[in-house]
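Fold and geometry: a report
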Amino acid sequence: MAQQVHEGVVEALGASVANKATFGGAAAGFLGWLAQVNWIGLAGVLIALAGLALNYYFQHRRDMREQAESAARIAAYREQCRIDGRAP
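The following refers to the structure shown. All values derive from a computational prediction rather than experimental measurement. (Residues numbered from 1 in each chain as written. Predicted model: local features only at pLDDT ≥ 70, side-chain atom pairs only at ≥ 80, totals over all residues. Heavy atoms only, no water.)

1. Considerations on the overall build of the chain
As a reminder of what qualifies: Here a helix means four or more residues in a row that DSSP labels H or I, a strand means two or more in a row labelled E, and each is numbered from the N terminus. Only protein chains enter the calculation, and the probe is 1.4 Å; a residue is then buried if its accessible area is under 20% of its type maximum, exposed if over 50%, and partly exposed in between. Any two residues whose heavy atoms approach within 4.5 Å are treated as being in contact. Here the open area of atoms and residues is found with the Shrake-Rupley method and a 1.4 Å probe, where only the protein chains shown may cover a residue.
When its secondary structure is counted, the chain shows two helices and zero strands. Burial analysis of the chain (88 residues in total) assigns 16% to the buried set. A separation of at least 24 residues holds for 55% of the contacts in the chain among residues at least 6 apart in sequence. As displayed, the chain has an accessible area near 7,000 Å², and 66% of this comes from carbon and sulfur atoms.

The structure is reproduced here in structure tokens:
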């Protein structure tokens, strides 16, 4: 149980940081473009791309976890109803 809570906190924190990095990088890139300072624009784009990569990573982990939870829940329901999963 403690491990599940810990993973949930890590997932939420990671997703939050990834979203903020993406938006912050995009804002920095836009401001760099407006100010015509190339290194600020490039840094903003790189930060935004890193944020997108982090967001993808944490969303993929969340999807895998939810798939495993769903499969376990379906197996428990089948066991509870004594359904073997074969077609009639």
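2. With respect to the pattern of salt bridges
Filter applied, for reference: Any Lys or Arg side-chain nitrogen found within 4 Å of a carboxyl oxygen on Asp or Glu counts as a salt bridge.
Scanning the model with the defined rule gives two salt bridges in all. Put simply, Arg62 and Glu66 hold a salt bridge, and the shortest N to O gap is 3.2 Å. Residue Arg62 and its partner Glu66 are located together in helix H2 (residues 38–81), separated by four residues, close to a single helical turn. For Glu66, a relative accessible area of 37% puts it in the partly exposed group. Across the pair Glu69 and Arg65 runs a salt bridge, and its minimum N-O distance is 4.0 Å.

3. With respect to H2
Put simply, the rule reads: An expected span of 1.5 Å times one less than the residue number is assigned to each helix.
Taking 1.5 Å per residue as the helical rise, H2 with its 44 residues ought to reach 64 Å, and the 64 Å between its terminal C-alpha atoms agrees with that figure. Those residues of H2 that fall on the buried side of the exposure criterion are Gly41, Gly44, Ala48, Gly51, Asn55 and Phe58. Backbone geometry just downstream of H2 places Arg82 in the positive-phi region, at approximately 60°.

4. Quick notes on the environment of Gly51
In this fold, Gly51 is placed in helix H2. Among the residues examined, Gly51 registers a relative accessible area of 0% and is labelled buried. Distance from Gly51 to Ala18, taken between C-alpha atoms, is 4.6 Å for residues 33 residues apart in sequence. For Gly51, the contacting residues outside a window of four places in its chain are Ala18, Ala21 and Thr22.

5. Remarks on the side chain of Asn55
By the element assignment, Asn55 lies in helix H2. Setting aside anything within four residues of it in sequence, one finds Asn55 in contact with Ala18 and Asn19.

6. As for the environment of Ala50
Relative to the helices and strands, Ala50 is located in helix H2. Accessibility expressed as a relative area gives 42% for Ala50, which makes it partly exposed. It is 7.5 Å that separates the C-alpha atoms of Ala50 and Ala21, two residues lying 29 residues apart in sequence.

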